[in-house]
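Here is how the chains run, residue by residue.
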Amino acid sequence: MTRRALVCAVLATTSVWAQAQSIVMSSTTSTEQSGLFAHLLPAFKKVSGLDVKVVALGTGQALDMARRGDADVVFVHDQVAEEKFVADGFGLKRLPVMYNDFVLIGPKADPAGTKGKDIVAALAKLSAGNAAFVSRGDKSGTHAAELRFWKMANLTEKKGSGYKECGCGMGPALNIAASSGAYVLADRATWLNFKNRADLAILVEGDQRLFNQYGVMVVNPAKHPHVKQADAQKFVDWITSPAGQGVVADYKIGGEQLFFPNAGK
């Protein structure tokens, strides 16, 4: 083998090795915008040597990305959609990882009178008063939850004239609400990490229906043979292990825990 051929072979081998040292994760905007991944992924790399390239989208888009074979692992928060993803053969197995909750955010003065623990009663007041409400409108886990709550209130077609969809992530939706004095449903973690709060505050919390569960799945290589199943499984095994669960629990902002591990429960 000539020197040039040897160099080319080494470079090719190095390139393949480098590609093997990373996986692609499609996930939600909340896990990224809350700052969780900046806390979590360095700990995973330390024990595995693997880089995780995160593409943060709404849950619906994250699942679509995985269906196309553009991700190795999915980490999202819409259990119904996740179970369908597995049932349709796109994911190997859905495992619970952690939970937190949704909260209704709005102007501190609360002109619609929503404050309390009942999300359905709060939405009824928003509808009746035609209050300004920013919906993600992006098929995310948060958007799916919001639509469930409107349905519970029998207001799917009567959300009020103040209801607007932004088709955007959680951070941009909060920014719109902050600049316009609107109400918005948010996951608590992104809210706690959100800096541009203006006059916004948590108005509704503590309703059991606001529970927000996250799950993780390896993409099925039977659908997409190029999926890095073994490396993706390493992440799933770690995040659901006592070590990974401990790292999740350790993530706090201002002393407040953002996510609560519940793998295996």
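Along each chain, the written sequence defines residue order, and numbers are assigned to residues from 1. Confidence filtering applies because this is a predicted model: local features only for residues at pLDDT of at least 70, side-chain atom pairs given and counted only at 80 or more, and all residues used for totals across whole chains, interfaces and linings. Hydrogens and water molecules were not included; the side-chain quantities draw on all heavy atoms of the structure.

Chemist: Looking at this structure, I do not really get the state of the cysteines. What am I missing?
Modeler: Covalent bonding between the sulfur atoms of two cysteines is what defines a disulfide. Whenever a pair of cysteine sulfur atoms sits within 2.5 Å, that pair is classed as a disulfide. Using the criterion set out here, one finds one disulfide in the structure. The disulfide bridge from Cys166 ends at Cys168, spanning 2.0 Å between sulfur atoms. On the sign convention where negative is left-handed, the bridge of Cys166 and Cys168, at about -80° about the S-S bond, is left-handed.

Chemist: Just to check I follow, could you spell out the packing of aromatic side chains for this structure?
Modeler: Geometry of an aromatic ring pair is reported as the spacing of the ring centres plus the angle between the planes. Side-chain rings of Phe, Tyr and Trp (the six-membered ring for Trp) are treated as a pair once their centres are within 6.5 Å; stacked means planes under 30 degrees apart, edge-to-face means over 60, and tilted covers the remaining angles. Taken as a whole and assessed by the stated rule, the structure comprises 14 aromatic pairs. Measuring from centroid to centroid gives 5.5 Å for Tyr99 and Phe260, while their planes differ by 25°, and the two rings are stacked. With Tyr99 in strand β4 (residues 95-107) and Phe260 in strand β12 (residues 260-261), this residue pair connects regions lying 161 residues apart in the sequence. Exposure is judged per residue with a 1.4 Å probe applied to protein chains only, and the accessible area is read against the type maximum: over 50% gives exposed, under 20% gives buried, and values in between give partly exposed. Among the residues examined, Tyr99 registers a relative accessible area of 29% and is labelled partly exposed. Put simply, DSSP marks the helices as runs of H or I at least four residues long and the strands as runs of E at least two long, and each gets a number from the N terminus on.

Chemist: Honestly, the layout of surface pockets in this entry has me stumped. Any pointers?
Modeler: The method is simple in principle: a probe with the dimensions of a water molecule rolls over the atoms, and the space it marks as empty is what remains. Here a cavity denotes a set of grid points, spaced 1 Å apart and computed over the protein atoms alone, in which a 1.4 Å probe fits but from which it cannot get out, and a pocket denotes an open set meeting protein on both sides within 12 Å along at least five of seven lines; residues with an atom within 4 Å of a point are reported as lining. Grid points are joined across faces, edges and corners, and a volume is the space filled by probe spheres set on the points. Quantified by volume, the largest pocket comes out at close to 170 Å³. Of all the elements in the fold, those that place two or more residues in the lining of the largest pocket are α5 (79-87), α7 (141-152) and β9 (211-218). For the lining of the largest pocket, the leading source of residues is β9, giving three residues. Grouping the constituent residues of the lining of the largest pocket by class yields three nonpolar, five polar and two charged. Throughout, the ten residues Ala, Val, Leu, Ile, Met, Phe, Trp, Tyr, Cys and Pro are labelled nonpolar, Asp, Glu, Lys and Arg are labelled charged, and all others, Gly among them, are labelled polar.

Chemist: Would you take a moment to explain unusual backbone geometry for this structure?
Modeler: Note: most residues except glycine have negative phi, and most peptide bonds are trans. Look at Lys139: it is not a glycine, yet its phi comes out positive at around 60°. Considering the arrangement of structural elements, one finds Lys139 in the loop between β5 (133-135) and α7. Assessed through its relative accessible area of 66%, Lys139 is described here as exposed. The residue Ala198 is not glycine, and still its phi comes out positive at about 50°.

Chemist: Would you explain the side chain of Thr142 in this entry?
Modeler: Locating Thr142 in the fold gives a position in helix α7. Those residues in contact with Thr142 that sit more than four places away from it in its chain are His77, Phe102, Arg136, Met170, Leu185 and Ala186. Note on contacts: a residue pair is in contact if any heavy atoms of the two residues lie within 4.5 Å.

Chemist: Help me understand the packing of helix α6 (residues 119-128) against α7, please; the structure alone is not making it clear to me.
Modeler: Angle between the axes and distance between the axes are the two parameters that describe a pair of packed helices. Viewed as axis vectors pointing N to C, α6 and α7 meet at an angle of 80°, and their least axial separation amounts to 9 Å. Classed by the angle they form, the pair α6 and α7 counts as roughly perpendicular. Residues Ile119, Val120, Leu123 and Ser127 of α6 pack against Phe149, Trp150 and Met152 of α7. Looking at the contact of α6 with α7, its residues break down into six nonpolar, one polar and no charged. Axis definition: a line fitted to C-alpha atoms, over the contacting stretch in the case of helices. Angles run 0 to 180 degrees between N-to-C directions. Angles below 35 degrees are treated as roughly parallel, those above 145 as roughly antiparallel, those between 65 and 115 as roughly perpendicular, and all remaining angles as oblique.

Chemist: Can you walk me through the packing of helix α3 (residues 36-48) against helix α10 (residues 229-239) in this structure?
Modeler: Where α3 contacts α10, the axes come no closer than 11 Å and their chain directions differ by 115°. Here α3 lies roughly perpendicular to α10, going by the angle between them. For the pair α3 and α10, the sense of crossing is right-handed. Every residue of α10 that contacts α3 at Leu40, Leu41, Ala43, Phe44 and Val47 is listed here: Lys234, Phe235, Trp238 and Ile239. Two helices that cross are described as forming a left-handed crossing if the nearer one is turned anticlockwise from the farther one by less than a right angle, and a right-handed crossing if clockwise.

Chemist: Help me understand α7, please; the structure alone is not making it clear to me.
Modeler: What sets the pattern is the α-helix's 3.6 residues per turn: residues three or four places apart point alike. Under the convention used throughout, the expected extent of a helix is 1.5 Å for every residue step, that is, one less than its residue count. Compared with an ideal rise of 1.5 Å per residue, which puts 12 residues at 16 Å, α7 spans 17 Å between its outermost C-alpha atoms and is within 8% of the ideal. All buried positions along α7 are accounted for by Gly141, Thr142, His143, Ala144, Ala145, Glu146, Phe149 and Trp150. Asn154 occupies a position one or two residues after α7 and carries a positive phi of about 55°.

Chemist: Help me out: how do you make sense of the pattern of salt bridges in this one?
Modeler: Side chains carrying opposite charge are able to pair once their charged atoms draw close together. Here, a salt bridge means any side-chain nitrogen of Lys or Arg that lies within 4 Å of a carboxyl oxygen of Asp or Glu. In total, this model carries 11 salt bridges according to the counting rule given. With its nearest N and O atoms 2.8 Å apart, the salt bridge here joins Arg67 to Asp64. Highlighted residues: Arg67 and Asp64, both in helix α4 (residues 59-67), separated by three residues, approximately one helical turn. Look at Arg67 and you get partly exposed, because its relative accessible area is 25%.

Chemist: Explain the pairing of strand β7 (residues 183-187) here, please?
Modeler: Taken residue by residue, a regular strand's side chains alternate between the two faces of the sheet. For β7, the tally of buried residues reaches five of five residues, placing the bulk of the element in the interior. Neither face of β7 is open: one carries Tyr183, Leu185 and Asp187, the other Val184 and Ala186, and all of them are buried. Two strands are counted as paired when DSSP detects at least two bridges linking them. Here β4 runs beside β7; their pairing, made up of four bridges, is antiparallel. From the neighbouring strand, Leu104 faces β7, where its bridge partner is Leu185. As paired elements, β5 and β7 share two bridges and run parallel to each other. Across the sheet, Val134 pairs through a bridge with Val184, a residue of β7.

Take it as geometry only, folks, not as evidence of what the structure does.
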